[in-house]
Amino acid sequence: MDLHRHLDDELSSLRDRVLLLGGEAEQALERAMYALSKRDSEVARQVLDHDDEVDHLEVEIDRQCIDIIALRQPAARDLRFVISVAKMAPVLERIADHACNIARAAIDLNNEPELQSVPDLSRMAKHALNMLRGALDAFTSGDAVMAREIIKSDSEINDLYNHTFHRLIELMVTEPATATRDARLLFVAKHLERIGDYVTDICELTVYMAEAAFIKHNK
Amino acid sequence: MNHSDRIRRMNSAVMTGLTALCTLLAVGALLIILSYIAWQGIGSLSFQFLTDSPRPVGEGGGIGNAILGSLVLLLLSSVIGLPLGICVGVYLSEVGRGRVGNVVRFIVDTLTGIPSIVTGVFVYAVLVLPMRHFSAFAGGVALALIMVPIVARTTEEMLKLVPHSLREGALALGAPQWRVTLGVVIPAAAPGIATGAMLAIARVSGETAPLLFTAFGSRFFPTSLNEPIASLTVQIYNYAISPYDEWHAQAWAATLVLMTLVLGINIMVRFLTRKKF
Amino acid sequence: MPVQTEPPKIEVGSRRGSAPASGTSSSTKVAVRDLNFFYGRVQALHNISIEIPERIVMAFIGPSGCGKSTFLRTLNRMNDVIPGTRVAGQVLIDDQDIYAPGADVVELRRRVGMVFQKSNPFPKSIFDNVAYGLRINRVTSSGSELAGRVEEALKDAALWNEVKDRLKTSALSLSGGQQQRLCIARALAIRPEVLLMDEPASALDPIATSKIEELIFDLKKQYTIVIVTHNMQQAARVSDTTAFFLLGKLIEVNATEKMFTAPNEKLTEDYITGRFG
């Protein structure tokens, strides 16, 4: 039936777009962390320059969701998919924003002498990235089991954050000269921790989409 | 324009012309008949002709008794034939489904096709012979018998045109079947049924043959339904086969009157069947 | 600016405006048990069991020929009119089996009103249409009481203001949407307990449709309403509970919001999302 193929086409184009946005967020995070760890401000600037496109993509997805709801009146799983995408797009955009903030921190830090004996943020970043990739995969395949696993793994990032937090506070106390730079790193850690929370939101949307179950707020 | 296109257009033009020609022939013939009757008949028309009873040749006289007789016969046949025909129609449409209905419908259709003179002979055998004389009553019965199948089938068709949803609507309000038929279906079909009735009346108003054996004819104004009665058609027939020119002229005039009567009935049909609701 | 001393109150919003008044466990109005229905040898409904609570709107959805209309018509025995049909199983209205031997069909249809897909006002005046059921059922012999009941029904059907000055004019002079509301008024006049609606808005434009839908929403305060609809958005808009039929079987009954966001059955989901077969 033509009509339904039409809807199917629109839904798959919507899926492609949101995965594209997810890819952008992922890339922004990866490159921002690269800029930080390799002290490459050029890459950091590229991340910032690219953010407009991410914002643009989010608006487009928003508009497409509204169009589908208004014109196609999706129901049941289609409705849940469109609603999930509509709620997911701003989350992904915010992840990209956090990546931008990390990139800014990287530029600032790169203008100052390199810190010695800093806590390792790359583990945290790696974990956040893995979570994000996994969340996008789970969303693509509608895999609620995987989404639930990822939600659980968010506690690891929180643990890493707490650990990093204490390490940096210690550093500020023992080496007050590095305090500003330590504080910047603390913000980076906080951004990564927030990204973990956002990934959790994405996974919750995936569970809603797949099972029509609201798992938010009932831990 | 390619070849097949041209052929198609030519075909179309030829067919259009052919149908126009046929229409012209039919309508033209009708117009000639009508105007010829009017031309022949109008000369003998007068107030006296319309009101007087027949006189011997040379003394003038009129068809007043025949006009009245025809009206009496039509009234009589309507009183007998219409209710009967409508009832049969209602039965066919609302009650008699299945085999019985089909048998009845077949009989009714056969009756429609019976030559009217046969009906006349039948009534002669059944009514006139036992009563030992011709009568207006027998004439009315004969005409009624011709009306019944016509009215029955038109009534059935009209009732079948009433949307099924109307019946369901009434049934859903808790109306029993007979009230649905009487209160909703028949009123909804009333204009159509009236048309059928009027057409049947118009049809029998032109009948001569069945009246020859039943109402017979009379030279006087009717006084009772139990005696022979004059009618326009029989009068026309008698005058037309007579050897006198004066009577021939009167036959033409009577024909004009009969035609006007039928026309009047048809106009009345149109008037009655205008949609009220 | 005054400082707020108390924390703002958190209000728990009721989700849907006029969900069943008493909320939780409203009593069952119609209970169907193992209903099978046959057109001749063709089985149109298979083992339907469903309970319809009092004073809610239940929508029946499903593709054409799925049996939803047939099932609706078993609830007031409208299928009895169709020859060759057979019913097996129970339909209990207030715990009485409407198919029990000796059950009074006329009384049943008084209690279970019906509105049809195509509006079917009788070719009578507006007043007489609404009064028809009252007269048939001899509800009242007093003219003023009759007029009062007609007015009330027309008001309930949200039609009074549009027709109060022309009650004696033909019902067929109304617009399509008005005619359908007239049919609703006609059904309401005899104060049924259950109102069956067979695609009541399928032939209407969006504005007339929304009027009917608003009306349904108001009516459920007093009546138990069962509506068959092809329009799934309509089912979503007007009903509390939705039942999905497929190939003569009842596939799923569920709260409407559940049905349209997360149905239990895969077949329902496929139908609702338009991915059938």
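Residues numbered from 1 in each chain as written. Chains lettered and ligands numbered in written order. Predicted model: local features only at pLDDT ≥ 70, side-chain atom pairs only at ≥ 80, totals over all residues. Heavy atoms only, no water.

Chemist: Is there a simple way to think about the overall build of chain B in this case?
Modeler: Within chain B one finds 11 helices and 0 strands. Helices and strands in chain B line up, N terminus first, as α-α-α-α-α-α-α-α-α-α-α. A compact globule built from 277 residues would reach a C-alpha radius of gyration of about 19 Å, whereas chain B, at 23 Å, exceeds it by more than 25%. Projecting the C-alpha coordinates of chain B onto the three principal axes gives extents of approximately 65 × 65 × 35 Å. Sorting the 277 residues of chain B into buried and exposed places 40% on the buried side. Summing over all exposed atoms, chain B offers an accessible surface of approximately 14,700 Å²; the carbon and sulfur share of this is 72%. Positive and negative side-chain charges of chain B, numbering 18 and 12 respectively, have mean locations separated by a distance of 12 Å. (Helix = DSSP H or I, 4+ residues; strand = E, 2+ residues; numbered from the N terminus. Rg over C-alpha atoms; globule rule 2.2 N^0.38 Å. Buried < 20%, exposed > 50% of the residue type's maximum accessible area, 1.4 Å probe, protein only. Areas by Shrake-Rupley, 256 points an atom, 1.4 Å probe, with all protein chains shown as cover. Lys, Arg positive; Asp, Glu negative; His and termini not counted. Charge placed at Lys NZ, Arg CZ, Asp CG, Glu CD.)

Chemist: Is there a simple way to explain helix 5 (residues 144-174) of chain A in this structure?
Modeler: Owing to its 3.6 residues per turn, the α-helix brings residues three or four apart onto one side. All names here are of chain A. Here helix 5 is 31 residues long and its end C-alpha atoms lie 46 Å apart, about the 45 Å a rise of 1.5 Å per residue gives. Of all the residues in helix 5, the buried ones are Ala-144, Ala-147, Ile-150, Ile-151, Ser-153, Asp-154, Ile-157, Leu-160, Tyr-161, Thr-164, Leu-168 and Leu-171. Summarising the contacts, the buried residues of helix 5 are in contact with helix 4 (122-141) and helix 6 (179-211). Its side-chain oxygen at 3.1 Å from the backbone nitrogen of Val-145, Asp-143 defines the N-terminal cap of helix 5. (Expected span 1.5 Å × (residues − 1). Contact = heavy atoms within 4.5 Å. Polar contact = N/O pair within 3.5 Å; in protein donor to acceptor, adjacent residues only side chain to side chain.)

Chemist: Looking at this structure, how should I read the pattern of salt bridges?
Modeler: Two side chains carrying opposite charge are able to pair once their charged atoms lie near each other. For the structure on display, the rule yields 39 salt bridges over all chains. A salt bridge links C:Arg135 to C:Asp128, with the shortest nitrogen-to-oxygen separation between them at 3.0 Å. Since its relative accessible area comes to 25%, C:Asp128 is described here as partly exposed. Where salt bridges share partners, they join B:Arg105, B:Asp109, B:Arg153, B:Glu156, B:Glu157 and B:Lys160 into one cluster. (Salt bridge = Lys/Arg side-chain N within 4 Å of Asp/Glu carboxyl O.)

Chemist: Just to check I follow, could you spell out the domain arrangement of chain B for this structure?
Modeler: Many descriptions give the size of an interface as the accessible area lost when the pieces come together. Residues and elements named next belong to chain B. Taken domain by domain, chain B comprises domain 1 (3-44) and domain 2 (49-272). A C-alpha centroid distance of 32 Å is found between domain 1 and domain 2. Counting residues at the interface gives 8 residues for domain 1, matched by 8 residues for domain 2. Summed over both partners, the interface of domain 1 with domain 2 buries about 690 Å², with 82% contributed by carbon and sulfur atoms. By the criterion of area lost to domain 2, the three top residues of domain 1 are Ile-37, Gln-40 and Ser-44, representing 62% of everything that side buries. Run the count over domain 1 and domain 2 and you get 0 salt bridges. On the surface where domain 1 and domain 2 come into contact, there are 0 residue pairs in polar contact (both at pLDDT 80 or more). In terms of residue class, the side of domain 1 that touches domain 2 is made up of 5 nonpolar, 3 polar and no charged. (Domains from an automatic or database assignment. Buried area = accessible area lost by both parts, 1.4 Å probe. Nonpolar A, V, L, I, M, F, W, Y, C, P; charged D, E, K, R; others polar.)

Chemist: Help me understand unusual backbone geometry in this model?
Modeler: What you tend to see is this: most non-glycine residues have negative phi, and most peptide bonds are trans. The phi dihedral of A:Gln73 falls on the positive side, at around 40°, and the residue is not glycine. Note on placement: A:Gln73 falls in the loop between helix 2 (41-72) and helix 3 (76-110). Judged by its relative accessible area of 40%, A:Gln73 is partly exposed. Residues other than glycine seldom take positive phi values, yet C:Leu247 does so here, at roughly 50°. Tracing the backbone shows C:Leu247 in the loop between strand 9 (241-246) and strand 10 (249-255).

Chemist: Could you clarify how one ought to interpret the interface of chain B and chain C in this entry?
Modeler: With 18 residues of chain B at the interface, the matching set in chain C holds 28 residues. Of the roughly 1,900 Å² buried between chain B and chain C on both sides combined, carbon and sulfur atoms contribute 66%. Linking chain B with chain C are 1 salt bridge. With its nearest N and O atoms 2.5 Å apart, the salt bridge here joins B:Glu168 to C:Arg73.

Chemist: Mind showing me how you'd approach the packing of helix 1 (residues 3-41) of chain B against helix 11 (residues 245-272) of chain B here?
Modeler: For any two helices packed against each other, one specifies the inter-axial angle together with the distance between the axes. Residues and elements named next belong to chain B. Look at helix 1 against helix 11: their axes get within 7 Å of each other, and the N-to-C directions meet at 130°. Here helix 11 runs oblique to helix 1, going by the angle between their axes. The handedness of the crossing between helix 1 and helix 11 is left-handed. Residue-level inspection shows Leu-34, Tyr-36, Ile-37, Ala-38, Gln-40 and Gly-41 of helix 1 in contact with helix 11, the latter providing Trp-252, Ala-253, Thr-255, Leu-256 and Met-259. (Axes fitted to C-alpha atoms, helices over the stretch in contact; angles between N-to-C directions. Parallel < 35°, antiparallel > 145°, perpendicular 65-115°, else oblique. Left-handed = near helix turned anticlockwise from the far one by under 90°.)

Chemist: What am I meant to see in the packing of helix 5 (residues 116-131) of chain B against helix 6 (residues 136-161) of chain B here?
Modeler: All names here are of chain B. Packing of helix 5 against helix 6 leaves a shortest axis separation of 9 Å and a crossing angle of 135°. As summarised for this structure, helix 5 and helix 6 are arranged oblique, according to the angle between their axes. Here helix 5 runs over helix 6; the crossing is right-handed. Residues Ser-116, Thr-119, Phe-122, Val-123, Leu-127 and Val-128 of helix 5 lie in contact with helix 6, whose contacting residues are Phe-137, Ala-138, Val-141, Ala-142, Leu-145 and Ile-146.

Chemist: How do you make sense of the arrangement of the chains when you look at a structure like this?
Modeler: In this assembly, 2 pairs of chains are in contact, and the pair contributing the most contacts is chains B and C. Spatially, chain A and chain B are disjoint, and the shortest separation between their C-alpha atoms is 33 Å.

Chemist: Could you clarify how one ought to interpret the pairing of strand 3 (residues 57-61) of chain C in this entry?
Modeler: Residues in a regular strand point their side chains to alternate faces of the sheet. All names here are of chain C. With respect to burial, strand 3 is a largely interior element, 5 of its 5 residues being buried. What you see with strand 3 is no split at all: Val-57, Ala-59 and Ile-61 on one side and Met-58 and Phe-60 on the other are buried throughout. Alignment of strand 3 against strand 8 (residues 224-228), held across 4 bridges, turns out to be parallel. Within the sheet, the bridge partner assigned to Phe-60 lies in strand 8 and is Val-228. Pairing of strand 3 with strand 9 involves 4 bridges; the strand directions are parallel. Bridging from a neighbouring strand, Met-58 pairs with Thr-241 of strand 9. (Pairing = 2+ DSSP bridges.)

Chemist: Hey, could you run me through the interface of chain A and chain C in this one?
Modeler: Contacts between chain A and chain C engage 12 residues on the former and 12 residues on the latter. Buried area between chain A and chain C, both sides added, is near 1,000 Å², and the carbon and sulfur share of it is 47%. Seen at the junction of chain A and chain C, the total is 4 salt bridges. Between the two partners, chain A and chain C, sit 6 residue pairs in polar contact (both at pLDDT 80 or more). With 5 residues, helix 3 of chain A is the largest single contributor of residues to the side of chain A that touches chain C. Here the side of chain A that touches chain C is built from residues that sort into 6 nonpolar, 2 polar and 4 charged.

Chemist: Where do I start with the pairing of strand 9 of chain C in this structure?
Modeler: Residues and elements named next belong to chain C. Burial within strand 9 is extensive, with 6 of its 6 residues counted as buried. Relative to strand 10, strand 9 runs antiparallel, the two being bridged by 6 bridges. Across the sheet, the residue bridging to Leu-246 is Lys-249, located in strand 10. Remark: 2 residues form the turn of the hairpin made by strand 9 and strand 10, two consecutive strands paired antiparallel; Leu-247 in that turn has positive phi of roughly 50°.

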